[in-house]
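One-letter residues, chain by chain:
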Amino acid sequence: MDNDHAGDSGPDLGLRLDPAEFIKANMRLGPVPALPEIRFYTAHSGSGLRRLVDPENEGDTDDDGPEPQPPYWAYAWAGGAVLARYILDNPSTVTGRRVLDLGAGSGIVGIAAAKAGARAVIAAEIDRNGVAAIGLNAAANDVAIGVVGDDVTKGAPPAVDMVLAGDVFYGQDVARRVVPFLDRCRAAGIEVLVGDPGRAYLPRSRLRLVAEYQVPDFGDAKGAATKPSSVFRFEAGSVVKPSP
């Protein structure tokens, strides 16, 4: 859930590289680790990703330099992977239901829900590059996903039956926004499933374990063994109203 504010000062957005064209030209379309049913565009050492995420470097063609801080949408992360794996193995969880993929990143969780028979899938992702990636990944997997590019955690619960939240507790500030939103969703009768490998800001007291899988996580050493990641049900708690 990276911040990408259209009103920020800086280079003219119109001069930026087109995200969809860049992704198709420079990233690789292939199966997701631990999810062979799903293909997505992923970054690699020669993708030159910094030219897309940092407008000041868009004219830089040297791919030997270090990549920028990795955006969620460009890689498969354990929380999303474990949640997607669970959904594909248990399609009745989402079949016929309206689903929100919160902090969707590359859209892997939403794609899994669509493949499993969800009635409708909405992906919430505020990174403009992530939004482009979701569209491309959905098309590559022959599924339809609606995309919301705003921060939905600031408002009332959406008109869905289920929220799927993979890897949304990676930072304290993000967790402080997400938990009250999920509380409002639960108060509205919306079921919430969380996928996470045990990151620092996971609200453990609010979670009930549903399943556990061995999946790889981005950042692990190449060739490293997979590690356990979990699917949780987010339990109801006190409700915090959205900010005006």
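Residues numbered from 1 in each chain as written. Predicted model: local features only at pLDDT ≥ 70, side-chain atom pairs only at ≥ 80, totals over all residues. Heavy atoms only, no water.

1. Some details on the overall build of the protein chain
And then number 1: Each helix and strand in the protein chain was counted, giving six helices and nine strands.
And then number 2: Counting all 244 residues of the protein chain, 48% fall into the buried class.
And then number 3: Long-range contacts, defined here as pairs at least 24 residues apart, represent 68% of the contacts in the protein chain between residues at least 6 apart. (Helix = DSSP H or I, 4+ residues; strand = E, 2+ residues; numbered from the N terminus. Buried < 20%, exposed > 50% of the residue type's maximum accessible area, 1.4 Å probe, protein only. Contact = heavy atoms within 4.5 Å.)

2. Here we look at unusual backbone geometry
And then number 1: In the Ramachandran plot, Ala-34 falls in the positive-phi region, its phi being about 75° despite a non-glycine side chain.
And then number 2: Structurally, Ala-34 can be placed in the loop between strand S1 (28–32) and strand S2 (35–42).
And then number 3: Residue Ala-34 is classed as partly exposed on the basis of its relative accessible area, which comes to 33%.
And then number 4: At Asp-167, a residue that is not glycine, the phi angle is positive and equals roughly 60°.
And then number 5: By secondary structure assignment, the location of Asp-167 is in the loop between strand S6 (162–166) and helix H6 (172–187).

3. Some details on the pairing of S1
And then number 1: Examined bridge by bridge, S1 and S2 share five bridges and lie antiparallel to one another. Paired with Val-32 across the two strands is Leu-35, which belongs to S2.
And then number 2: In this antiparallel pair of consecutive strands, S1 and S2, the connection spans two residues, and Ala-34 shows a positive phi of 75°. (Pairing = 2+ DSSP bridges.)

4. Looking at the packing of aromatic side chains
And then number 1: Evaluation of the coordinates by the stated rule reveals two aromatic pairs.
And then number 2: Between Tyr-72 and Trp-77 the ring centres are 4.6 Å apart and the planes differ by 15°, which places this aromatic pair in the stacked class. Just as Tyr-72 is buried, Trp-77 falls in that class too.
And then number 3: Each ring, one from Tyr-72 and one from Tyr-170, has its centre 4.5 Å from the other, and the planes form 40°; the classification is tilted. Taken together, the residues span a long stretch of sequence, with Tyr-72 in the loop between helix H2 (50–53) and helix H3 (78–89) and Tyr-170 in the loop between S6 and H6 at a distance of 98 residues. (Phe/Tyr/Trp six-rings, centres within 6.5 Å; stacked < 30°, edge-to-face > 60°.)

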